[in-house]
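# Reading the structure
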Amino acid sequence: MGISVFILAGLLVHCVFLVSIFDIYFSSPLVHGMTPQQTPLPPPAKRLVLFVADGLRADSLYELNSNSTPPAPYLRSILENNGSWGISHTRVPTESRPGHVALIAGFYEDVSAVAKGWKENPVEFDSVFNESKYTWSWGSPDILPMFAKGASGDHVYTFCYTAESEDFGAQDAAKLDMWVFDHVKSFFNSSRSNQTLFSALNEEKVILFLHLLGIDTNGHAHRPNSREYKENIKKVDEGVKEIASMIDNFYGNDGKTAFILTSDHGMTDWGTHGAGHPSETLTPLIVWGAGVNYPQRVTSQKFEDNLLKEWKLENLKRLDVNQADVAPLMASLIGVPFPLNSVGTLPLEYLNSSAHFKAESMFTNAVQIVEQFKVKMSQKRETTLSFLFTPFKPLSDSEQINYLKKARLYIQQQKYDEAISLCKTLINLALEGLSYYHTYDRLFLGLSIAMSFMGWTTYVILVIIKTHTNLTKAVQTNKESTVLFYGFAFVGMIIAFFLLIQTSPWTYYIYCLLPVPVWYAVVKELPVIQDLATNLLSHNMVQSVGFIFICILGIEILVFSFFYRSTLTVGLLVFAGWPVITQLWAQAKTSASVWTLLCVLLAIFPLMPVVGREPNIPLVIATGLLTLLISCFSLASLCKNKNKYRNNEDLKVYFYQMLSIALSTYVVSSTHDSLKNKQGLPLLNQIISWMTLVSSSVLPLLSSTFLIQRLFSILLSLMSTYLLLSTGYEALFPLVLSGLMFVWINMEQEALQHYGLSLKPKLAVFNFTYATDITQFRQLHLDDVRRSFFFVFFIVTAFFGTGNIASVNSFDPASVYCFLTVFSPFMMGSLLLLKVVIPFVLVSCAFEAIQVTTQLSSKSLLLLVLVISDIMALHFFFLVKDYGSWLDIGTSISHYVLVMSLTIFMMLMNGLAQLLTTQRLQLSRGTKHHST
């Protein structure tokens, strides 16, 4: 198999592995074709006002200030005297879009919605707004349009401010909320002179939705414990008081308005959200007005947390709900059909209505969820052969009828409590059944992917052994067995036929047929396997087993480091002792000492708190100055060796890069000061930042192709961009990491000499351009497995050195303030991704240098790296879960996606290097950077 074919096949296989996780675990749970269900009795309210204070934490609203005054006096008086309160528990990802979908449509979006954008409707869904007679909404252009777009008919109206208003660097984000309150007031005032609007407002089943983004924006910009965040809560409190009073007056205090105040998600102390920390998942819920229970006084309440005491609310009954339960509550209050895809359970304790109304509402809720279960079951039954179909036994067709008949009978006999209890049981069973059918094919698809995984890894190991080692004799495998080929082709046809008669989706064909060609390629290499087995048996068995044990241990340590960052510290400290263990110490004392020192320094980073929690701008500025100092020393040493240069072009490039570092340091400092004084992002700083970002990818291509100079040029360019994206200690990370990389290149030279594998080339005069002129690549040695392991370990360290999965999932916009402060999720996400990739690039460049200086074909080392990362990926494939705490779910999928992306990323890097090797002589200036 040619190298380009192999890389292409590898990329395709890994793309299938990566995408499969979303099909197997995270496909959309939505089904269509249900009948709308609504409570047959008249509702308690004619209209509902929904306030969503974006990014408001439960404790920020409920906890008293240090002087024992409430942060929101009006809302505090409501929950003490007029309404019911509790905590709404959100799910991961704690972002605005999924939070609003859960509140208004009653279901939790699947992870695939993330990839399709927060603002658009990736899947059409029903919502309480859609079921209402009219909905008027005011707020952010990121949230409102998706509910209007999904609505049938023209009855959901939106009023949004401009996207540019959502500026984290603005003077005060509370003006976003003031905009909403002012526009609602003027809307009601204008209705008095507009008869059509006036009569529409006086209809039944009307919803008014006020989306208040100021608190979230201030939380991101200033942190939730800041004066700005707390003052914004007070302004929202005053605004809610004015709006509630104005609406009551407008309708002549008819007592037919229900009010709900809640939040889509909370926020961490350091101003991010997205993961599953309690500060992100606990949001307030206060309900008052028509049809809502008054405060219930109690003497004691049982909750595992200690929050009631902290909030001084021990004597008022706390009614907790899941976020999706708010949708059925709204539907029940104004008497609209429950949203078709809602999985929420109506929280009856919030309702102040007759037992009959509660029982009927609960019955409607049960029927609406059972409808979804029936559609899901019939879909699965249609696409499965009848003799293979296994129904969900606890809720067979007859059981459903029994439950519903029994519940209806209880309501007729006025046994309302029994009816409610039965409906709750039915809802739980229907939700279990929905989950059962949603995950029906999971085992079968999971096994197919696992088979492909194992086949691919086995094949790569065989390729390594066959073409890059001396472990097997030259085995002739040219005579392809036709029997073998037709055998596998027949198996493939049987699988395809089986899927065809079940009308399976096209993706199933890919997942189930992939193991066939992969294992065919493995079985074709049977003579190599036999030869290898003979060879291994003739060796010392203890040595072979010991080597395999060490390999497995190394991979387990890498897997462990994904869960506990401190594992990396242990690994780096072991690395620090590597020269001593292998006697390299005696051979190169200086290099070994510096290696040990830098390993210890790098080992400190995984022990530090996750980036973004404590901004430290002076440290970023100090790092910039330190980088300048190092480059001055380097420049001085280069000037001494002038005879090696054909011209002074290289020195000019060097000078530009130093200027770029100086400018980045200045921009970080002045942007921070400007934002601190609430003067926004200066335009000049923004221009410099973007120009630095663009130039950092071009400047290294203009530098000398001598190994050390080219690598140092790459470091300076990437460092100037990294400084602009840094907020604290992480600015030092690429500097220490690349220092270690330079020493690693040196140490590998010493190791080569130590094992007598080749002569040591002089690194100072080693030129990347002529590296591929070495026609005689050597074969792999056992020590190369260690080299590959080092590379994978450093790649993992590059990712987890300054953060963890939660810190990447959580959105901390502070890192991108030098580039933009107006909210733009994809632009900000791309810049944060670039920040993550920069340390990867540094490690990849060093590894490329090691490949060429140790006279190894880059293919052979890449294959070893591929095997290590694929075995890790297989671990994480089995560790992916879609149950348990939402933080666990988010983390498990992130781990798998990260390892798979890493593998694809490394293959792309290497593939590019392979394609560019032939053109190196012509493109002597720019080639190498492309290939690393």
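Because the structure is predicted, anything quoted here is derived from the model rather than measured.

### Focus: unusual backbone geometry
Even without being glycine, Asn253 reaches a positive phi, approximately 45°. When you line up the elements, Asn253 lands in the loop between helix H11 (227–250) and strand E6 (257–262). When its relative accessible area of 54% is taken as the criterion, Asn253 is described as exposed. Backbone geometry at Lys312 places phi at a positive 55°, although glycine is not the residue there. Within the fold, Lys312 resides in the loop between helix H13 (307–311) and strand E8 (321–322).

### Observations concerning the pairing of strand E1 (residues 47–53)
Of all seven residues making up E1, seven are buried, and the element is well covered by its neighbours. Side-chain alternation along E1 places Arg47, Val49, Phe51 and Ala53 on one buried face and Leu48, Leu50 and Val52 on a second face that is also buried. As paired elements, E1 and strand E5 (residues 206–212) share seven bridges and run parallel to each other. Following the sheet pairing, Val52 is matched in E5 by His211. As defined by bridge partners, E1 adjoins E6 across six bridges and the pair is classed as parallel.

### A few points about the packing of aromatic side chains
Scanning the model with the defined rule gives 60 aromatic pairs in all. Measuring from ring centre to ring centre gives 5.7 Å for Trp136 and Phe187, while their planes differ by 50°; the resulting arrangement is tilted. With a gap of 51 residues between them, Trp136 in strand E3 (residues 134–139) and Phe187 in helix H8 (residues 174–191) connect regions that are remote in the sequence. Pair check on accessibility: Trp136 and Phe187 agree, each one buried. Seen from their ring centres, Phe259 and Trp288 are 5.2 Å apart, and the 15° between their planes marks the pair as stacked.

### Digging into the packing of helix H24 (residues 566–576) against helix H33 (residues 782–800)
Two elements in contact, H24 and H33, have axes separated by 11 Å at closest approach and are oriented at 140°. Between H24 and H33, the angle is such that the two are oblique. Considering only the axes of H24 and H33, their crossing is left-handed. On the side of H24, the interface is formed by Leu568, Gly571, Leu572 and Phe575, while H33 contributes Phe789, Phe790, Phe793, Phe794, Val796, Thr797 and Phe800. Split by residue class, the contact of H24 with H33 holds nine nonpolar, two polar and no charged.

### Examining the sheet that holds E3
One open sheet accounts for eight strands, arranged E4-E3-E5-E1-E6-E7-E2-E8; its pairing is mixed. With one partner strand each, in any of the chains shown, strand E4 (156–160) and E8 form the two edges of the open sheet. Inspection of the sheet shows E3 paired to E4 by five bridges, in the parallel sense. Its bridge partner being in E4, Gly139 is matched across the sheet by Cys160. Packed onto the sheet, H8 meets E3, E4 and E5 and runs at close to 155° relative to E5.

Cut-offs used in this document
Residues numbered from 1 in each chain as written. Predicted model: local features only at pLDDT ≥ 70, side-chain atom pairs only at ≥ 80, totals over all residues. Heavy atoms only, no water. Helix = DSSP H or I, 4+ residues; strand = E, 2+ residues; numbered from the N terminus. Buried < 20%, exposed > 50% of the residue type's maximum accessible area, 1.4 Å probe, protein only. Pairing = 2+ DSSP bridges. Phe/Tyr/Trp six-rings, centres within 6.5 Å; stacked < 30°, edge-to-face > 60°. Axes fitted to C-alpha atoms, helices over the stretch in contact; angles between N-to-C directions. Parallel < 35°, antiparallel > 145°, perpendicular 65-115°, else oblique. Left-handed = near helix turned anticlockwise from the far one by under 90°. Contact = heavy atoms within 4.5 Å. Nonpolar A, V, L, I, M, F, W, Y, C, P; charged D, E, K, R; others polar.

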